[in-house]
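Architecture and fold: a report
Okay, here's what each chain looks like letter by letter:
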Amino acid sequence: FRDQFYEIYNNSEEVQNIQGLCIALLNPNTATANLPVWPGEDAANFVYATSMWQVPKDKDYLLNPGESIIIAQMADDHKKSNLNPKSPVNLLSTEFETLVRTTSLISDNPAINMTLAFWPSPTPQWLTTVFGGAFAIYIPKEEIDPNNYVSPIGRTDKNYKIAINEVIDAVELVGNPNQVQLKRVPAVLDAGAATVGGTYLSKSVARKIKSTLPDGRNIYYDTNNSSLDFEVMDVPEIRRNGAKTPAWNTWK
């Protein structure tokens, strides 16, 4: 389970600076009909993160059109004999990792360590659920204050408010096709949901190609409907279809 990874691709025509970019896991962690009720008259203007990791703000991290970054939970070669030789991925070349040393198997790899921006859970390791989580990426306009949290009405768990109009993109995942109607993410961010249909299948979801430009750069579907935009990858693959690595990744 330590070979989880997330790839973010510059699908635009402009250079993007991802300095300070956050990846947030949203509440609730799994699809459910019992959605939390949030306080405040403007509650519907936000999504609520249970945890967040952030790209360091030490310098600019420029991403050209057609380039991607990969965030690995553990940026190692997971095919090594002391890890999991049956893993489908070698993640040594990834740009970022969410380093939390919970066992001697975990080392500080060449990837840049992300900042643990919001982490109220007592569990020390970033393990996103295999039952389908919901994710958002955004660049905060203000410094993240982990003490500035909110709890659902009648509960005590801590969550961080993210304004919907600050979200760059969101993806909703569910455990199986029967759960697609159990929406957590507002439809304005994601009107559908993607799924691999089960757990521990060594599969992933990835965006479908919409078109390919004369220079070979792919444009992917992004209609804010994951039911339509994504397809299942039977073998997870980083930088599929020729996605480029950013120039500042000198360890690739």
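The present account deals with the structure reproduced in this document. (Residues numbered from 1 in each chain as written. Predicted model: local features only at pLDDT ≥ 70, side-chain atom pairs only at ≥ 80, totals over all residues. Heavy atoms only, no water.)

**Looking at unusual backbone geometry**
Note that the residue after N27, namely P28, is joined by a cis bond; omega there is 0°. Checked against the element boundaries, P28 lands in the loop between strand 3 (22-26) and strand 4 (46-54). Even without glycine at this site, Y200 takes up a positive phi of about 55°. You will see that S202, though not glycine, has its phi angle at about 55°, which is positive. Counting through the fold element by element, S202 comes out in the loop between strand 12 (167-172) and strand 13 (204-207). (Helix = DSSP H or I, 4+ residues; strand = E, 2+ residues; numbered from the N terminus.)

**Concerning the environment of Y48**
By secondary structure assignment, the location of Y48 is in strand 4. The residues contacting Y48, other than those within four sequence positions of it, are L25, L26, N27, W38, A43, V150, N159, Y160 and K161. For Y48, the side chain forms a polar contact with the main-chain oxygen of A43, separated by 2.9 Å. (Contact = heavy atoms within 4.5 Å. Polar contact = N/O pair within 3.5 Å; in protein donor to acceptor, adjacent residues only side chain to side chain.)

**Side note on the side chain of S68**
Counting through the fold element by element, S68 comes out in strand 6 (residues 68-72). Of the residues examined, S68 reaches a relative accessible area of 0% and is grouped as buried. At 2.7 Å, the side chain of S68 forms a polar contact with the side chain of E7. If we ignore the near neighbours within four places in the chain, the residues touching S68 are E7, I8, Y9, L63, E95, R239, A243, K244, T245 and P246. (Buried < 20%, exposed > 50% of the residue type's maximum accessible area, 1.4 Å probe, protein only.)

**What to know about a nonpolar patch on the surface**
On the surface, F1, L127 and Y200 cluster together into a nonpolar patch covering about 390 Å² of accessible area. Note on placement: F1 falls in the segment before strand 1 (5-9). Taking relative accessible area as the criterion, F1 reaches 55% and is therefore assigned exposed. (Patch = residues over 30% accessible without salt bridge, like charges linked within 9 Å, V, L, I, M, F, W, Y side chains within 5 Å. Areas by Shrake-Rupley, 256 points an atom, 1.4 Å probe, with all protein chains shown as cover. Salt bridge = Lys/Arg side-chain N within 4 Å of Asp/Glu carboxyl O.)

**Section: empty space enclosed by the protein**
Going through the model one piece at a time under the given rule, you end up with one cavity of 30 Å³ or more. Lining the largest cavity are Q73, M74, E97, T98, L99, V100, I106, Q125 and W126. When its residues are assigned to classes, the lining of the largest cavity shows five nonpolar, three polar and one charged. (1 Å grid on protein atoms, 1.4 Å probe; cavity = no way out; pocket = protein on both sides within 12 Å on 5 of 7 lines; lining within 4 Å. Points joined across faces, edges and corners; volume = space filled by probe spheres on them. Nonpolar A, V, L, I, M, F, W, Y, C, P; charged D, E, K, R; others polar.)

**Regarding the nonpolar core**
Judged by nonpolar contacts, the single largest core of 24 residues is most densely connected at I18, I23, I69, I71 and F96. For this core, the secondary-structure elements that each account for two or more residues are strand 1, strand 3, strand 6 and strand 10 (134-138). In this view, I69 contacts Y6, E7, I8, I18, L21, L63, E95, F96 and W248; residues no more than four positions away in its chain are not counted. The next biggest cluster of nonpolar side chains, apart from the first, holds 19 residues, and it includes C22, A49, A134 and Y138. (Core = buried A, V, L, I, M, F, W, Y, C linked by side-chain atoms within 4.5 Å.)

**Topic: the pattern of salt bridges**
Counted under the stated rule, the structure contains 11 salt bridges. For E95, the salt bridge goes to R239, with nearest N and O atoms at 3.2 Å. Placement of the pair is E95 in the loop between strand 6 and strand 7 (96-97) and R239 in the segment after strand 16 (230-233), with a sequence separation of 144 residues. Each member of the pair, E95 as well as R239, carries the same accessibility label: buried.

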